[in-house]
Amino acid sequence: MAAKKLYDSFSKSLLEEVQRWGSMKQTGVSLRYMLEFGSRLTDRNLLLAAQFLHKELPIRIARRAIELQSLPYGLSHKPAILKVRDWYLDSFRDLRSFPEIKDQNDEQEFTKMINLIKVRHNNVVPTMALGVQQLKKDLDPKFDYKDLDDIHQFLDRFYMSRIGIRMLIGQHVAMHDPDPPPDRIGYIHAKMSPVEVARNASEDARSVCLREYGTAPEVNVYGDPDFTFPYVPNHLHLMVFELVKNSLRAVEERFMDSDKIAPPVRIIVADGLEDVTIKVSDEGGGIPRSGLPKIFTYLYSTAKNPLAERADLGTADIATMAGYGFGLPISRLYARYFGGDLQIISMEGYGTDAYLHLSRLGDSQEPLP
Ligand code: ADP
Ligand code: MG
């Protein structure tokens, strides 16, 4: 019965094809490769890239569709997860029913189609979050986070894969921009200033904080604003935004009812040879050592769950201060995607330092779960 419901609207032959493609080998790309490829833009290169994606995307998507059908604790059967699974199957079908790409015309049609796939998957993260929250509700409130290791690992694989798929599609679509901003190669900014991105992301985090608390601590950014390196500004923005929101919240909660002035959040940008490291440092009281193993899980948040009040996520904008428990694990995936990492060091009773390492060389291959 459950199995029937799981597959209802999809034909048996499609599901067999998903199995077949899901077992093929994925091919990773590095930041440097994307950069070099994108700086030699010719019709022939675009055609080659489209042919690569025509084969690569169904492999990656099929793997995720298969995994979505076999999750533990009945997670696969939660309505929100079924919805996500259907998006993956629909996209797989769209890709597989697209004929061989032979000329410029096919290439343009293909590009339109994959852009629509990207849009279809826009709300995957909040929808998955909803499914995971539904699971959390079913669990004994005294459950051990360790019991959910397999779910966390699944979500890490799932979101890492999503970052890669969206990067590949976004990069290909952006190459068709007839008038790209200076130094932009698709999503990549060849001369991105991390200080500038950190400033913008901090301002965005501060406005969310202002909206939620009525006040927001200062954020000071230290580092050379003229220093640049090739990276994806959207990714860095997202990571710093999440880290600064966490810091602002911790400082707000600690100083809300005190007469002391809230200490500023400090961001330090260091340009090393191998890494660019961004430290987000706050005096928000830190994280108890017992909580540290949980902060990179997808279920752990000490904030009130904002999903409780909104069953229908639709296309709504979900930029809230906290409460999904997704900020840190997702940020770490973005960092790792291009060979970086994220570490959190806490001094309970004082504050937290988040170290965001970004690889400068850009030659590490995409991690392919
Ligand atoms: P969320 O912010 O939605 O709760 P995150 O993954 O961003 O999810 O953070 C998880 C938890 O880690 C937070 O709820 C909070 O308890 C703790 N945390 C993260 N950053 C900080 C910080 N800078 N200071 C204190 N606690 C933090
Ligand atoms: Mg957060």
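Keep in mind that what you see is a predicted model, and the values were worked out from it rather than measured.

Focus on the overall build of the protein
Alright, step 1. A count of helices and strands for the protein gives 11 helices and eight strands.
Alright, step 2. Taken over C-alpha atoms, the radius of gyration comes to 21 Å for the protein, in line with the 21 Å a tight globule of 369 residues would show.
Alright, step 3. With the C-alpha coordinates of the protein rotated into their principal frame, the extents come out at 70 × 55 × 30 Å.
Alright, step 4. For the protein, restricting intrachain contacts to residue pairs at least 6 apart in sequence, the fraction spanning at least 24 positions comes to 78%.
Alright, step 5. For the protein, the accessible area works out to roughly 17,600 Å², and carbon and sulfur atoms hold 51% of it.
Alright, step 6. Charged side chains in the protein number 46 positive and 50 negative. The centres of these two groups are separated by 5 Å.

Comments concerning helix α11 (residues 327-337)
Alright, step 1. Among the 11 residues that make up α11, 10 are buried, leaving the element largely enclosed by the rest of the structure.
Alright, step 2. When α11 is considered as a whole, its buried residues turn out to be G327, L328, P329, I330, S331, R332, L333, Y334, A335 and Y337.
Alright, step 3. Following α11 by one or two positions, G339 adopts a phi angle in the positive range, close to 90°.

So, a negative patch on the surface
Alright, step 1. On the surface, D144, D147, D149 and D150 cluster together into a patch of negative charge.
Alright, step 2. Here D149 is to be found in helix α8 (residues 149-174).

Looking at the pairing of strand β5 (residues 265-271)
Each regular strand carries side chains that alternate between the two faces of the sheet.
Alright, step 1. Pairing analysis gives four bridges linking strand β3 (residues 219-222) to β5, with the strands arranged parallel. Paired with Y222 across the two strands is I268, which belongs to β5.
Alright, step 2. Relative to strand β6 (residues 275-282), β5 runs antiparallel, the two being bridged by six bridges. Across the sheet, I267 pairs through a bridge with V280, a residue of β6.

A short note on the side chain of S346
Alright, step 1. Residue placement: S346 occurs in strand β7 (residues 341-347).
Alright, step 2. Overall, the relative accessible area of 18% leaves S346 in the buried class.
Alright, step 3. From its side chain, S346 meets the backbone oxygen of I287 in a polar contact 2.7 Å long.
Alright, step 4. Not counting chain neighbours up to four residues away, the residues in contact with S346 comprise G286, I287, L292, G351 and T352.

Focus: the packing of aromatic side chains
Alright, step 1. Within this structure, the stated rule accounts for 12 aromatic pairs.
Alright, step 2. Joined through ring pairs, the aromatic side chains of Y88, F154, F158, Y159, Y298 and F326 make up one cluster.

Quick look at the nonpolar core
Alright, step 1. Within the largest apolar cluster, 105 residues are counted, with the highest numbers of intra-cluster contacts made by M128, L236, I267 and L356.
Alright, step 2. When near neighbours in sequence (up to four residues on either side) are disregarded, L236 contacts M192, P194, V197, Y231, I278, L356 and L358.

Looking at the pattern of salt bridges
Alright, step 1. Counted according to the given criterion, the structure contains 16 salt bridges.
Alright, step 2. Put simply, R60 and E56 hold a salt bridge, and the shortest N to O gap is 2.7 Å. With a gap of four residues between them, R60 and E56 both fall in helix α4 (residues 43-68), about one helical turn apart.
Alright, step 3. A residue is classified by how much of its surface remains accessible, and R60, at 1% relative accessible area, is buried.
Alright, step 4. As a salt-bridge pair, R336 and D341 come within 3.0 Å of each other at their nearest N and O atoms.

What to know about the site of ligand 1
Alright, step 1. Of all residues adjacent to ligand 1, which total 20 residues, the nearest are D282, S301, T302, G323 and G325.
Alright, step 2. N246 places a polar side-chain atom, nitrogen or oxygen, 2.9 Å from an oxygen atom of ligand 1.
Alright, step 3. T302 is positioned with one of its side-chain polar atoms (N or O) 2.5 Å from an oxygen atom of ligand 1.
Alright, step 4. For ligand 1, whose accessible area on its own is 540 Å², the fraction buried by protein is 93%.
Alright, step 5. Only α10 (233-255) and α11 provide two or more residues apiece to the shell around ligand 1.
Alright, step 6. Each residue belonging to the shell around ligand 1 can be placed in one class, and the counts come to nine nonpolar, nine polar and two charged.

Some details on the sheet that holds β7
Alright, step 1. The sheet built from five strands is open, its strands ordered β3-β5-β6-β8-β7 with mixed pairing. Only two strands of the sheet have a single partner each, and these edge strands are β3 and β7. Strand-to-strand, the axes of this sheet are offset by a mean angle of 15°, without reference to chain direction.
Alright, step 2. Along the sheet, helix α9 (residues 194-213) makes contact with β3, β5 and β6, crossing β3 at roughly 175°.
Alright, step 3. Docked against the sheet, α11 engages β7 and β8 (351-359), running at close to 135° with respect to β7.

Considering the packing of helix α5 (residues 79-96) against helix α7 (residues 124-138)
Alright, step 1. Remark: α5 packs on α7, axes separated minimally by 7 Å, with the N-to-C direction vectors making an angle of 145°. The chirality of how α5 crosses α7 is left-handed. Along its contact with α5, which presents P79, A80, I81, K83, V84, W87 and Y88, the element α7 presents V124, T127, M128, L130, G131 and Q134.
Alright, step 2. A per-class count over the contact of α5 with α7 returns nine nonpolar, three polar and one charged.

Analysis parameters
- Residues numbered from 1 in each chain as written.
- Chains lettered and ligands numbered in written order.
- Predicted model: local features only at pLDDT ≥ 70, side-chain atom pairs only at ≥ 80, totals over all residues.
- Heavy atoms only, no water.
- Helix = DSSP H or I, 4+ residues; strand = E, 2+ residues; numbered from the N terminus.
- Rg over C-alpha atoms; globule rule 2.2 N^0.38 Å.
- Contact = heavy atoms within 4.5 Å.
- Areas by Shrake-Rupley, 256 points an atom, 1.4 Å probe, with all protein chains shown as cover.
- Lys, Arg positive; Asp, Glu negative; His and termini not counted.
- Charge placed at Lys NZ, Arg CZ, Asp CG, Glu CD.
- Buried < 20%, exposed > 50% of the residue type's maximum accessible area, 1.4 Å probe, protein only.
- Patch = residues over 30% accessible without salt bridge, like charges linked within 9 Å, V, L, I, M, F, W, Y side chains within 5 Å.
- Salt bridge = Lys/Arg side-chain N within 4 Å of Asp/Glu carboxyl O.
- Pairing = 2+ DSSP bridges.
- Polar contact = N/O pair within 3.5 Å; in protein donor to acceptor, adjacent residues only side chain to side chain.
- Phe/Tyr/Trp six-rings, centres within 6.5 Å; stacked < 30°, edge-to-face > 60°.
- Core = buried A, V, L, I, M, F, W, Y, C linked by side-chain atoms within 4.5 Å.
- Near = heavy atom within 4 Å.
- Nonpolar A, V, L, I, M, F, W, Y, C, P; charged D, E, K, R; others polar.
- Axes fitted to C-alpha atoms, helices over the stretch in contact; angles between N-to-C directions.
- Left-handed = near helix turned anticlockwise from the far one by under 90°.

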